[in-house]
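Chain by chain, the residues:
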Amino acid sequence: MNMSDENTTVSFRLLIPSKAAGSIIGKKAETIQEIISSCAYKAYLKVPESPPSPERLVLITCQMSDIPTVIAGICRKLFKCLREDNTIPQEHWDEVLMLVSSNLVGFLVGPKGDTLKDIRMQSSCQRFKVYKDKLPHSEDRVVEMKGSEDEISKALLLSLKIIAEHPSRHECISYMPGTAPDIDLDCGGYARFAVTSALLNPIQFTSGGTMDYGSYDHHRNTGGYDANRIRDRSPMRTSGSKDIYIDDCYTRHIIGAGGTQIDNIRRVSGAEVEVAGNDTVRNKERKITIYGRPEEIQIALTMINNAIAEKIKSDRESLKDYGYGVPYSGIFTKINAVEAFTDINDMSEAQVEQQIYIPNTETKSVIGPKGSHINEIRQFTACNIKVQADGEVEGDMRMVTLKGTQRQLHKAVYMIRNIARVL
């Protein structure tokens, strides 16, 4: 992009306190309409809904020349709310937070921080800071700009011109407020100022057990919840679509009990989300199609990624006390999603040897590429495991010898017996 081209259209995201969202939107969206109508060219401004959280996103698309108008309209409302919010320290009153993908932050910082210093000097901002940690479950980092409306507009313009000259070469997971943020991270944002844990209420995902996805299959008349109810897919409503493929063991967590999670994704993002039927699953992967405007598709995609990240995180926590090996196993997580694991209460530390037999056809799944699967099972269960060599096998079954405590053996046998179902 030509650095001097002020007619270039750009899209960017700001982070605001949740308490400021109403003021920026205005009654019946009158404030948003006022900001948009003040622009010389067509502009787009949206404050999407999000789960309960101390912060909200503002999505903006406009031409470079209209950025001062947009920022002035937002700052007038934002700065007033920041001053009235007794949870926000005074040093953060006159500031705007922009979200930038971590693979683009380096261009804003520059060699030895030279570009960052130049932006601060040219804009006269009191503070122009890039936080070192990514926001939770995302590839986004916060760029903090403190100063007057004019100074922040200049800093934002300089930043967006640099970003526009270095477009991202791959998709990144965008931040979605309300997804169990870790306020101990140095990632900026308004969650760190929350005074009660209630403000950090994340999306809760149902876990455990198995589910017949036929009741969520729009190709079957089961009388159950229809995960693919389409409200409106007219040309005026949608401008694109995106297909993604997820590990099928996470499908139930994206749909949620009674379809609550997928309905929430649709409501918050504004996009339509269609989950493919059971008969389309290939290689244990299920297709999800998202319909909507680019920004709606991105929000839905982020919420889906966050749902999976939340499931993995909760599994890590729940698995810490399961055995004596490493605290987390991706293989165990996948198996547990389709065949719930039941632990035993035998805490004896006596070492026991056990032999089990597996079909030769499952040997490849148990061992894995270069022994990766069997090594993960060994590390996770702390069992000594030996798979019978090819030259020693007679017939269609192969012996596996395990040594460990009863609890370790129980878990290792569970993983070996079920691994072929998920890998």
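Here the structure is a predicted model, which is why all the values come from computation and not from measurement.

Each value, and the rule that gives it
- Residues numbered from 1 in each chain as written.
- Predicted model: local features only at pLDDT ≥ 70, side-chain atom pairs only at ≥ 80, totals over all residues.
- Heavy atoms only, no water.
- Salt bridge = Lys/Arg side-chain N within 4 Å of Asp/Glu carboxyl O.
- Axes fitted to C-alpha atoms, helices over the stretch in contact; angles between N-to-C directions.
- Helix = DSSP H or I, 4+ residues; strand = E, 2+ residues; numbered from the N terminus.
- Parallel < 35°, antiparallel > 145°, perpendicular 65-115°, else oblique.
- Left-handed = near helix turned anticlockwise from the far one by under 90°.
- Contact = heavy atoms within 4.5 Å.
- Nonpolar A, V, L, I, M, F, W, Y, C, P; charged D, E, K, R; others polar.
- Pairing = 2+ DSSP bridges.
- Core = buried A, V, L, I, M, F, W, Y, C linked by side-chain atoms within 4.5 Å.
- Buried < 20%, exposed > 50% of the residue type's maximum accessible area, 1.4 Å probe, protein only.
- Phe/Tyr/Trp six-rings, centres within 6.5 Å; stacked < 30°, edge-to-face > 60°.
- Lys NZ or Arg CZ within 6 Å of the ring centre and 35° of its normal.
- Expected span 1.5 Å × (residues − 1).

**Student:** Could you give an account of the pattern of salt bridges, naming the residues involved and the relevant values?
**Tutor:** Evaluated as defined, the whole model comprises 14 salt bridges. Members of the salt-bridge network, linked through shared partners, are Lys46, Arg293 and Glu296.

**Student:** I'd like a description of the packing of helix 3 (residues 67-84) against helix 6 (residues 149-164), backed by residues and values.
**Tutor:** The geometry of a pair of packed helices is captured by two quantities: the angle between their axes and the separation between those axes. Two elements in contact, helix 3 and helix 6, have axes whose closest approach is 9 Å; the angle formed by their N-to-C orientations is 130°. Judged by the inter-axis angle, helix 3 sits oblique to helix 6. The element helix 3 and its partner helix 6 pack so that their crossing is right-handed. Residues Ile67, Pro68, Ile71, Ala72, Cys75, Arg76 and Phe79 of helix 3 form the contact with helix 6, whose participating residues are Glu149, Ile152, Ser153, Leu156, Leu157 and Leu160. For the contact of helix 3 with helix 6, the residue count by class is 10 nonpolar, 1 polar and 2 charged.

**Student:** Give me the lowdown on the sheet that holds strand 9 (residues 285-291), citing residues and values where you can.
**Tutor:** Strand order in this open sheet of 3 strands is 7-9-8, and the pairing throughout is antiparallel. Every interior strand has two partners, whereas the edge strands, strand 7 (241-247) and strand 8 (272-275), have only one. Direction aside, neighbouring strands of the sheet carry axes that sit 25° apart on average. Sheet analysis places strand 7 next to strand 9, joined by 7 bridges and oriented antiparallel.

**Student:** Describe the side chain of Ser365, and please don't skip the residues or the numbers.
**Tutor:** By secondary structure assignment, the location of Ser365 is in helix 11 (residues 363-367). Among all residues touching Ser365, those that are not within four sequence positions of it are His373, Ile419, Ala420 and Leu423.

**Student:** Describe the nonpolar core, listing the residues and the values that go with them.
**Tutor:** Judged by nonpolar contacts, the single largest core of 81 residues is most densely connected at Phe12, Ile67 and Ile74. Broken down by element, this core gets its largest block of residues, 9 residues, from helix 3. Each residue touching Ile67, except ones within four places of it in the same chain, is listed here: Val10, Phe12, Cys62, Ser153, Leu156, Leu157 and Leu160. Listed in part, the 23 residues of the second largest apolar core include Ile358, Phe380, Met415 and Val422.

**Student:** Give me the packing of helix 12 (residues 372-381) against helix 13 (residues 406-422): which residues, what numbers.
**Tutor:** Their axes nearest at 9 Å, the elements helix 12 and helix 13 cross at an angle of 155°. Classified by the angle their axes make, helix 12 and helix 13 are roughly antiparallel. Once helix 12 is placed against helix 13, the crossing between them reads as right-handed. On helix 13, the residues touching His373, Ile377, Phe380 and Thr381 of helix 12 are Gln408, Lys411, Ala412, Met415, Ile416 and Ile419. Counted by class, the contact of helix 12 with helix 13 contains 6 nonpolar, 3 polar and 1 charged residues.

**Student:** I'd like to hear about the packing of aromatic side chains, residue by residue, with values.
**Tutor:** If you walk through the whole model with that rule in mind, you get 4 aromatic pairs. Each ring, one from Phe332 and one from Phe341, has its centre 5.2 Å from the other, and the planes form 70°; the classification is edge-to-face. Here Phe332 matches Phe341 in class, with each residue buried. Centre to centre, the rings of Phe332 and Tyr414 are 5.7 Å apart; their planes meet at 55°, and the pair counts as tilted. Placement of Phe332 in helix 10 (residues 330-338) and of Tyr414 in helix 13 is noted, with a sequence separation of 82 residues between them. Residue class for Phe332 comes out buried when judged on its relative accessible area of 0%. The structure contains a cluster of three or more aromatic residues connected by ring pairs, namely Phe332, Phe341, Phe380 and Tyr414. Seen from the ring of Phe380, Lys411 lies directly overhead, with NZ or CZ sitting 4.2 Å from the centre.

**Student:** Which residues make up the pairing of strand 4 (residues 95-101), and what are the values?
**Tutor:** Among the 7 residues of strand 4, 7 are classified as buried, and the element is accordingly described as predominantly covered. By the alternation rule, side chains of strand 4 split into Glu95, Leu97, Leu99 and Ser101 and Val96, Met98 and Val100, which are all buried. Pairing analysis gives 3 bridges linking strand 1 (residues 9-17) to strand 4, with the strands arranged antiparallel. Each bridged residue has a counterpart across the sheet, and for Leu15 the counterpart in strand 4 is Leu97. Of the pairings in the sheet, the one linking strand 4 to strand 6 (residues 140-146) comprises 7 bridges and is antiparallel in character. Bridged to Glu95 within strand 6 is Lys146.

**Student:** I'd like a rundown of helix 3, residues and numbers included.
**Tutor:** For helix 3, with 18 residues, the first-to-last C-alpha span of 26 Å sits near the 26 Å given by 1.5 Å per residue. Those residues of helix 3 lying buried are Ile67, Val70, Ile71, Ala72, Gly73, Ile74, Cys75, Leu78, Phe79, Cys81 and Leu82.

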